[in-house]
Structure formats: C-alpha cells, structure tokens
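# Commentary on secondary and tertiary structure
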Amino acid sequence: MTKQLVDDRLAQIFEHIDSNRDSFISRLIDYVRHPSISAHDIGIREVADMLVGMLGKLGMEAEAVETEGHPMVVARRGDRKDVPTVMLYGHYDVQPPEPLEAWVSPPFEPTIRDGRIYARGVGDNKGQHFAQLLAIESWLTVHGDLPCNIIVLLEGEEEIGSPHIAEFARKHRDRLKADLVITADGPLHISGRPIVTFGVRGIVSFDLKAKTADRDTHSGNYGGVMPNAIWKLVHLLGTMKNDAGAITIDGLHDDIIAPSNVDRARAADLPLDLPEFMNELGLSELDAPKDRPFYDRLMFHPTLTINGLHGGYGGPGTKTVLPAEAIAKCDMRLVDGMDPEDVFAKVEAHVRHHAPDVEFIRHGSMLPSKTAIDTPYADAIVQGLTAAHGVEPLLYPALGASGPDYVHTKILGIPAFFVPYANADEANHAPNENLTIDCFINGIRSGAAMLAKLGALGKAG
Ligand SMILES: [Zn+2]
C-alpha cells in the first residue's frame with residue numbers, strides 16, 4: 001500500500017472520529033461511571049465483564065481470565081502473517097477516590113467542566129484504554145478491517161502493584177504472543193507534546209540494621225566503651241557511596257549496559273528549564289557527580305538512596321543517650337543490564353565485608369526494562385503520533401521511576417512503548433482526576449494512526 005493510500009485511509013478515520021466526538025465522550029462517561037477499585041475489591045468483576053462485552057462487539061475473542069487476584073481481560077483479533085501483532089496494554093482498575101470531600105463533583109458521577117471530564121479513573125487509565133478501543137472500532141466502522149493483528153490486555157490490579165501480571169505472562173505466553181506492546185498510560189509532556197518512552201529503571205529496597213548492645217545507655221557513663229549503633233551505620237553507608245557521588249559497592253557497575261549514542265542524543269534533546277526546576281524545589285545545586293547531563297542522571301545511572309536513618313533520640317532539647325540500635329532504609333534504582341537478585345547479593349557481600357554484624361534485610365524489587373530507541377517499530381509509532389497530534393513526539397530513552405514493563409520486554413521478549421494520552425495535570429490518584437476532551441480525542445486519533453503506520457510497515461525483522 002502506498003504512503004498516500006495509507007494517509008487517505010487514516011484521514012477518513014480522523015473524519016469519522018471528529019463526527020462521532022459527542023457520542024465517544026458520552027460513552028466514556030458511561031464507562032467511568034462504574035467504579036472498579038482494586039484496593040477495596042469494589043466493582044472489579046462488573047467492569048471486567050463489561051469490557052468483555054465491549055471487546056466482543058469489536059469482533060474480538062474476549063475473556064476475563066482468572067488469576068490469584070483480579071481477572072485479566074484478554075482479547076484478540078486477526079492472524080495475518082504479513083502485519084505485526086500489536087498488544088495494547090492498559091488497566092481497568094482505579095485508585096480509591098478518598099478524600100471524597102475534596103472532589104468538586106462526585107468521583108463516580110462524571111461531569112464535564114471547562115473541556116475536561118472529571119471522574120475517578122478517567123485519566124488513569126480508563127479514558128486512555130477506552131480511546132484504544134474506540135480507535136479499533138473506528139477502523140472497523142470505516143474500513144471494515146484492522147491494519148494489524150490486535151491483542152488487548154487489561155489488568156485489574158495495576159493500582160495495587162500488579163502482583164500477578166508476571167506470573168500471568170509466564171503462564172499465558174502463547175496467548176500474549178505479539179510483536180510489540182503499546183501502553184497508553186500517564187501524562188503527555190507539560191507542553192502538550194506527545195511522548196514515547198522506551199524503558200524504566202528497576203528498583204531494590206532493603207534495610208540495614210545495627211545492634212551494638214541490649215539497651216541504650218548513658219553517653220557519659222558508657223561513652224567510649226560501648227559502640228554506637230548509629231555511627232556503625234554511618235560508617236557503613238560511607239563505604240557505599242563516596243562524596244564525589246560514586247556508588248562504591250564492588251562489582252555493582254559490572255553488568256550495566258551503556259546507553260546507545262541514539263539514547264544519549266535523544267536524552268540531550270529533551271526540553272529542560274534547569275533554573276525553573278531548581279527554583280521550584282529550592283535547590284542550590286544538583287546531586288554529585290557534578291558533570292553529568294540532567295536526563296542522563298535519571299535514565300542511565302543507578303542510584304543509592306537513604307530513604308531514612310533512624311535511631312537514638314530526635315526530640316526537643318537534649319538527651320545524652322548512646323543508642324544501641326539503628327536502622328537505615330534504602331532503595332536503589334537500577335538501569336539496563338542490572339538484575340535485582342545480583343544487586344542484592346552484591347550489596348549483601350559489601351555489608352558482610354565492611355560491617356559483618358549489621359543485618360541486611362531484603363524488601364521488594366523490580367527489574368529495569370529497556371527497548372532500543374531505534375527498534376524498527378519505533379519509527380511507525382513516531383509517525384502515527386505525529387499524524388495524530390501535528391507535532392513530533394519527544395522520545396524518552398527511559399523513565400527515572402520503576403514499573404512492571406519488564407513483563408513485556410523480559411518475560412514476553414517484545415519491544416514495549418509507553419505512549420501516554422492524558423493531560424499533564426490529570427490529577428491521577430488525587431481528587432478531581434480529569435481528562436481533557438482534546439486529550440481523549442487525540443488519544444483515539446493516536447491509537448488509530450499508530451495502527452495505520454504499524455500496519456503499513458508490515459512485520460519487521
Ligand atoms: Zn495509577
């Protein structure tokens with residue numbers, strides 16, 4: 001199919017979306033009226049069943065598949081060999097709406113004010129995956145077929161930390177066999193420009209616990225005789241990161257996969273108002289090391305953060321106490337190539353070496369995830385977003401934060417793209433969550449356009 005024909009077919013879909021604007025808005029309002037609060041197990045089954053119904057109407061084989069927790073809604077349509085199979089991931093659960101008194105209109109009575117729909121879950125994530133479904137529907141209505149094979153995967157536990165998705169992906173690998181996954185979640189850039197994100201940092205969390213005696217003592221009567229638990233932790237922590245900002249845990253950097261030149265270039269292209277950023281936080285300097293580009297810090301380097309250091313006395317006035325116990329709570333963000341189990345082992349070995357009597361306590365972890373920024377499907381996604389928004393997307397090699405993206409890239413082994421549709425001030429997880437109507441409509445356009453460009457590309461590799 002020529003580029004002209006692809007663009008003509010897409011233009012017809014854009015027209016269809018424009019002329020159905022009001023009905024799409026009212027259908028979204030009907031959808032977000034139904035609560036589906038995973039943390040409180042409210043409405044989950046009803047909304048899962050409702051989605052199975054909606055997906056069935058799109059000619060998809062749809063099912064709510066049981067897990068140990070809330071069901072996963074999975075649907076599929078198409079088995080052409082010459083076009084990619086695109087998995088569209090989203091989540092149908094929402095955050096609890098409390099505090100209710102802070103909402104201008106009730107969270108499950110969707111209301112339009114100033115071009116925005118206000119409702120719990122409208123941005124995170126119902127409005128975004130509903131836009132994907134309407135993109136599919138628009139293709140079918142206008143052209144009677146889809147440019148790609150589609151798998152829809154909608155999770156019911158994202159807002160409680162996705163406890164079963166990794167296991168689900170391992171178990172249903174065949175059913176989820178796709179060439180790429182697109183997640184429409186999160187906000188656009190504050191300027192309104194679309195974004196494509198190609199990865200996330202991983203995380204490990206742990207405690208360091210020191211105990212030097214059975215009880216706290218008098219800092220005069222015992223000072224100089226009894227070791228101090230807080231000093232013990234301070235010295236240990238001092239061996240883990242130096243004042244030039246380098247993490248000094250043996251072997252920690254060994255497996256890091258350096259960012260490609262394309263990654264570095266895209267990170268350097270991202271807009272940044274550093275004085276404004278520093279001013280907003282009241283910063284007089286950035287963290288050490290000094291010589292690192294801003295986005296490189298967030299995307300390409302691991303961190304070691306002391307989340308809290310506790311022990312002894314912190315109240316008013318003085319207390320001449322010599323503490324017997326202290327605890328440091330820490331997390332580390334991991335970059336491409338790092339493995340949480342390996343990092344835990346290296347940190348533990350470091351602790352054993354420098355402070356053998358300090359207890360090392362593991363908490364949760366998540367793998368990092370990375371999709372190559374020059375992977376063949378990326379260009380089609382960029383073209384689709386450009387067609388839908390009239391402006392090219394910003395390309396984020398990775399996010400500083402963590403998320404279960406590794407399920408796609410590491411368990412299913414496919415490239416994963418985060419393509420947010422919501423406005424930057426969507427107030428997700430907060431009262432007065434909202435989605436602008438323009439973002440919603442642009443989301444439908446984006447979904448339709450990405451499928452057009454991916455279908456035109458054909459099956460890569
Ligand atoms: Zn959320």
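Residues numbered from 1 in each chain as written. Predicted model: local features only at pLDDT ≥ 70, side-chain atom pairs only at ≥ 80, totals over all residues. Heavy atoms only, no water.

### Quick word on the coordination of the zinc ion
Looking at the zinc ion, the protein donor atoms are Asp124 (OD), Glu159 (OE), Glu159 (OE) and His429 (NE2), and they sit 1.9 to 2.5 Å from it. Between the four donor atoms coordinating the zinc ion, the angles at the centre fall across 55 to 138°, so the site counts as irregular. Sequence spacing of the donors to the zinc ion: D-x34-E-x269-H. A residue pair is termed long-range when its members are at least 10 positions apart, and Asp124 in helix H4 (residues 122-143) and His429 in the loop between strand S18 (416-418) and strand S19 (434-436) qualify at 305 residues. By relative accessible area, which is 5% here, Asp124 ends up buried. For His429, a relative accessible area of 42% corresponds to the partly exposed category. (Donors = N, O, S within 2.8 Å, 3.2 Å for Na, K, Ca; no water. Tetrahedral: all angles 85-135°; square planar, octahedral: opposite > 155°, others 65-115°. Helix = DSSP H or I, 4+ residues; strand = E, 2+ residues; numbered from the N terminus. Buried < 20%, exposed > 50% of the residue type's maximum accessible area, 1.4 Å probe, protein only.)

### Here we look at the sheet that holds strand S14 (residues 325-334)
Spatially, the four strands line up as an open sheet ordered S12-S14-S10-S15, and their pairing is antiparallel. Pairing within the sheet leaves two strands with one partner each, and these edge strands are strand S12 (303-311) and strand S15 (359-366). Direction aside, the axes of adjacent strands within the sheet are offset by 15° on average. With six bridges joining them, strand S10 (residues 202-211) and S15 adopt antiparallel strand pairing. For Phe206, the partnering residue across the bridge sits in S15 and is Arg362. Of the strands in this sheet, S10, S14 and S15 touch helix H10 (residues 340-354), which is tilted by about 165° from S15. (Pairing = 2+ DSSP bridges. Axes fitted to C-alpha atoms, helices over the stretch in contact; angles between N-to-C directions. Contact = heavy atoms within 4.5 Å.)

### Comments concerning unusual backbone geometry
Note that the residue after Asp124, namely Asn125, is joined by a cis bond; omega there is 10°. Tracing the backbone shows Asn125 in helix H4. One non-glycine residue, Asp41, adopts positive backbone phi at about 50°. Its place among the elements puts Asp41 in the loop between helix H2 (21-32) and helix H3 (44-57). Its relative accessible area of 51% is what places Asp41 among the exposed residues. The backbone of Ala427 shows a phi angle near 55°, a positive value even though the residue is not glycine.

### A few points about the environment of Pro107
Structurally, Pro107 is set in the loop between strand S3 (85-91) and strand S4 (111-113). Taking the C-alpha atoms as reference points, Pro107 and Thr375, 268 residues apart in sequence, are found 40 Å from one another. Discounting chain neighbours no more than four positions away, the residues touching Pro107 are Pro97, Leu100, Ala119 and Arg120.

### Digging into the side chain of Thr217
You can see Thr217 is positioned in strand S11 (residues 217-218). When residues no more than four places from it in sequence are discounted, the contact partners of Thr217 are Tyr222, Met226, Thr320, Val321 and Leu322.

### A word on the nonpolar core
In this structure, Ile136, Ile381 and Phe440 are the most contacted members of the largest nonpolar core, which totals 70 residues. Per element, the largest residue contribution to this core is eleven residues, and it comes from helix H13 (residues 437-457). Setting aside chain neighbours within four positions, we find Ile381 in contact with Leu180, Ile182, Val196, Phe417, Val419, Met450 and Leu454. Formed by 27 residues, the second largest nonpolar core is a distinct cluster that contains Ala210, Ala229, Phe344 and Phe360. (Core = buried A, V, L, I, M, F, W, Y, C linked by side-chain atoms within 4.5 Å.)

### Digging into the sheet that holds S4
The strand order across the open sheet built from three strands is S4-S5-S19, with neighbouring strands paired in antiparallel fashion. Since the sheet does not close on itself, it has two edges, and those belong to S4 and S19, each with one partner. Between one strand axis and the next, the sheet turns through 25° on average, direction left out of account. Two strands pair when backbone bridges link them, and strand S5 (residues 116-118) and S19 are joined in this way by three bridges, in the antiparallel orientation. Among the inter-strand pairings, Tyr118 is bridged to a residue of S19, identified as Asn434.

### Some thoughts on the packing of helix H1 (residues 3-19) against H4
Here H1 crosses H4 at 110°, and the two axes come no closer than 9 Å. In terms of orientation, H1 and H4 fall into the roughly perpendicular class. Helix-helix and strand crossings are classified by hand; for H1 and H4 the assignment is right-handed. Taken together, the residues of H4 that come into contact with H1 (itself represented by Arg9, Gln12, Ile13, His16 and Ile17) are Ser138, Trp139, Thr141, Val142 and His143. Residues belonging to the contact of H1 with H4 are distributed by class as follows: four nonpolar, five polar and one charged. (Parallel < 35°, antiparallel > 145°, perpendicular 65-115°, else oblique. Left-handed = near helix turned anticlockwise from the far one by under 90°. Nonpolar A, V, L, I, M, F, W, Y, C, P; charged D, E, K, R; others polar.)

### A short note on the domain arrangement of the protein
Along its sequence, the protein is carved into domain 1 (3-200 + 368-457) and domain 2 (202-256 + 302-365). Distance between the C-alpha centres of domain 1 and domain 2: 41 Å. Contacts between the two partners involve six residues from domain 1 and, on the opposite side, seven residues from domain 2. Of the roughly 480 Å² buried between domain 1 and domain 2 on both sides combined, carbon and sulfur atoms contribute 56%. Three residues, Pro368, Lys370 and Ser402, lead the burial of domain 1 against domain 2; their summed loss comes to 81% of the area buried on that side. Run the count over domain 1 and domain 2 and you get zero salt bridges. (Domains from an automatic or database assignment. Buried area = accessible area lost by both parts, 1.4 Å probe. Salt bridge = Lys/Arg side-chain N within 4 Å of Asp/Glu carboxyl O.)

### Re the pairing of S10
Most of S10 sits out of view: seven of its ten residues are buried. Two elements, S10 and S14, share ten bridges in a ladder whose sense is antiparallel. Directly across from Ile203, in S14, lies its bridge partner Arg333.

### Brief notes about a nonpolar patch on the surface
Residues Trp231, Val234, Ile306 and Leu309 make up a contiguous nonpolar surface patch of about 370 Å² in total accessible area. Residue assignment for the nonpolar patch shows that the elements contributing at least two residues are helix H6 (229-240) and S12. Within the secondary structure layout, Ile306 lies in strand S12. (Patch = residues over 30% accessible without salt bridge, like charges linked within 9 Å, V, L, I, M, F, W, Y side chains within 5 Å. Areas by Shrake-Rupley, 256 points an atom, 1.4 Å probe, with all protein chains shown as cover.)

### Observations regarding the packing of aromatic side chains
The relation between two aromatic rings is expressed through the spacing of the ring centres and the mutual angle of the planes. Applying the stated criterion across every chain, the model contains seven aromatic pairs. Ring centres of Phe277 and Phe294 lie 5.0 Å apart, and the angle between their planes is 80°; this geometry places the pair in the edge-to-face category. Here Phe277 is found in helix H8 (residues 274-281), whereas its partner Phe294 is found in helix H9 (residues 294-299), with 17 residues between them in sequence. By relative accessible area, Phe277 is classed as partly exposed at 31%. The buried category is assigned to Phe294, whose relative accessible area is 14%. (Phe/Tyr/Trp six-rings, centres within 6.5 Å; stacked < 30°, edge-to-face > 60°.)

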